[in-house]
Protein chains: 2
Amino acid sequence: MSDHTAPYHHGDLRQALLSAARDALERNGPASLSLRDLARQLGVSHNAPYRHFADRDALLDALSAEGFARLAEALQQARGATAAERVAAMGQTYVAFADAHPGLFALMFQPVDATARPETQPVAARTLEFLRAGIREVTGDEDPVDVATLWALVHGLSALRANAHQLFMEPTMIRAVTARAAEALVQRSRVTR
Amino acid sequence: MSDHTAPYHHGDLRQALLSAARDALERNGPASLSLRDLARQLGVSHNAPYRHFADRDALLDALSAEGFARLAEALQQARGATAAERVAAMGQTYVAFADAHPGLFALMFQPVDATARPETQPVAARTLEFLRAGIREVTGDEDPVDVATLWALVHGLSALRANAHQLFMEPTMIRAVTARAAEALVQRSRVTR
DNA sequence: ACCTGAACACCGTTCAAGT
DNA sequence: ACCTGAACACCGTTCAAGT
């Protein structure tokens, strides 16, 4: 007989729930994520998740916060020969993240009342800091309009890429847009300097 | 006694459902829109909606298609002294739409498989045509990278504005971004011409 | 084109009583 | 920190039999 000591207590149910939820998120989207279904998949009782999350929203909050943390990590690792190229690389990274995890991206930026995501908010703010820092490197001092423009541009590319309409952007188009935007940023910083 | 001839047949249940659904969408978002709840609000039986919509997805599809049609209408009415100002006005219109109907905007651009929205797709494609036409007026011939850039920029502003994070854009910032983008579009069209 | 009413397989959430 | 098991108030969806 094998030593399948079916554990009475689950090893790390919290992590197992988050992991299973990440998969479910990419398969069916945030709307149809079910706590009971996750419990079934993991072989625990339907109310076991409530030992780790107050309710369904708390699980979604944790997933969302985790998503922002991973996005920040990815942005931090973007590299480029020049500052402008690094900003372009950050843009590519942002879009690539949405492309790789569209369900998670949708969850992160879903319009819900912000009070339902207390854990997410500080992590999201921290993520935006990396975009700010990158732009500051290019332009010297940081123009808030530049920050808003680049963030909106990159977020728009991501959202249009992640959604399911036939209208989404091709990867080559995304590269062209981000490259041109980074170039424009450098040119204006030369003029105004 | 008043003549409240409580109608056995509802006057126009289809329109009444769509109207009630639009309200519910803005109150609680797309996820928690319930057919049974709509039926209750309208005083009809819980399965009456199935006379007009095959299922819940069909109702969401109809709402989404209607949303794109209204957005197209609004974009068409954008005016400006110059072509560039008209493009900027279209950008403002797009963002204002998301701002006025965040629940509907979220529904329209939610990542679901496109097959679940057959009615929406052609109307969405038609909407994009108005952005294309506006840009063509500014640049003479239409650069696909310009189209993609402006659409992504405006969509990103809208999405960040419509979502519930503390990070959203202020209206003054949105005006600054769209104005500068339109200006940049004009300047490059002069250089390359 | 609606109604009533029952039914099925789901949900999230909360108990009570166990180990 | 889990379990079983029951319970409550919801869902979407599909019947059957009416008007």
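Refer to the structure presented above.
Residues numbered from 1 in each chain as written. Chains lettered and ligands numbered in written order. Predicted model: local features only at pLDDT ≥ 70, side-chain atom pairs only at ≥ 80, totals over all residues. Heavy atoms only, no water.

Broken down by element type, chain A carries eight helices and zero strands. Classification of the 193 residues of chain A by burial places 48% in the buried group. Of the roughly 9,700 Å² that chain A leaves accessible, carbon and sulfur atoms contribute 52%. (Helix = DSSP H or I, 4+ residues; strand = E, 2+ residues; numbered from the N terminus. Buried < 20%, exposed > 50% of the residue type's maximum accessible area, 1.4 Å probe, protein only. Areas by Shrake-Rupley, 256 points an atom, 1.4 Å probe, with all protein chains shown as cover.)

Quick look at the nonpolar core now. Leu38, Leu59, Leu63 and Tyr94 of chain A together with Leu59, Leu63 and Tyr94 of chain B are the most contacted members of the largest nonpolar core, which totals 122 residues. Setting aside its immediate chain neighbours within four residues, Leu59 of chain A contacts Leu18, Ala21, Leu33, Leu35, Leu38 and Phe53 of chain A. (Core = buried A, V, L, I, M, F, W, Y, C linked by side-chain atoms within 4.5 Å. Contact = heavy atoms within 4.5 Å.)

Bringing the interface of chain A and chain B into the picture now. Taken together, the contact pairs 41 residues of chain A with 41 residues of chain B. The interface formed by chain A and chain B contains four salt bridges. Between chain A and chain B we count four residue pairs in polar contact (both at pLDDT 80 or more) in total. Of all the secondary structure elements, the ones that give two or more residues to the side of chain A that touches chain B are helix H5 (102-108), helix H6 (120-139), helix H7 (144-162) and helix H8 (171-192) of chain A. When residues in the side of chain A that touches chain B are grouped by element, the largest group, 14 residues, is from H7 of chain A. For the side of chain A that touches chain B, the class distribution of residues is 27 nonpolar, nine polar and five charged. (Salt bridge = Lys/Arg side-chain N within 4 Å of Asp/Glu carboxyl O. Polar contact = N/O pair within 3.5 Å; in protein donor to acceptor, adjacent residues only side chain to side chain. Nonpolar A, V, L, I, M, F, W, Y, C, P; charged D, E, K, R; others polar.)

Attention now goes to the packing of aromatic side chains. The geometry of an aromatic ring pair comes down to the distance between the two centres and the angle between the two planes. Residues and elements named next belong to chain A. The tally for this structure, following the rule as stated, stands at six aromatic pairs over all chains. Ring centres of Tyr94 and Phe105 lie 6.2 Å apart, and the angle between their planes is 80°; this geometry places the pair in the edge-to-face category. Taken together, the positions of Tyr94 in helix H4 (residues 83-100) and Phe105 in helix H5 put the pair eleven residues apart, joining distant regions of the chain. For the pair shown, Tyr94 and Phe105 are each scored as buried. An angle of 50° between the planes, with centres 5.0 Å apart, marks the rings of Phe105 and Phe109 as tilted. The exposure classification of Phe105 matches that of Phe109, with both residues buried. An aromatic cluster of three or more residues is present, and its members are Phe68, Tyr94, Phe105 and Phe109. (Phe/Tyr/Trp six-rings, centres within 6.5 Å; stacked < 30°, edge-to-face > 60°.)

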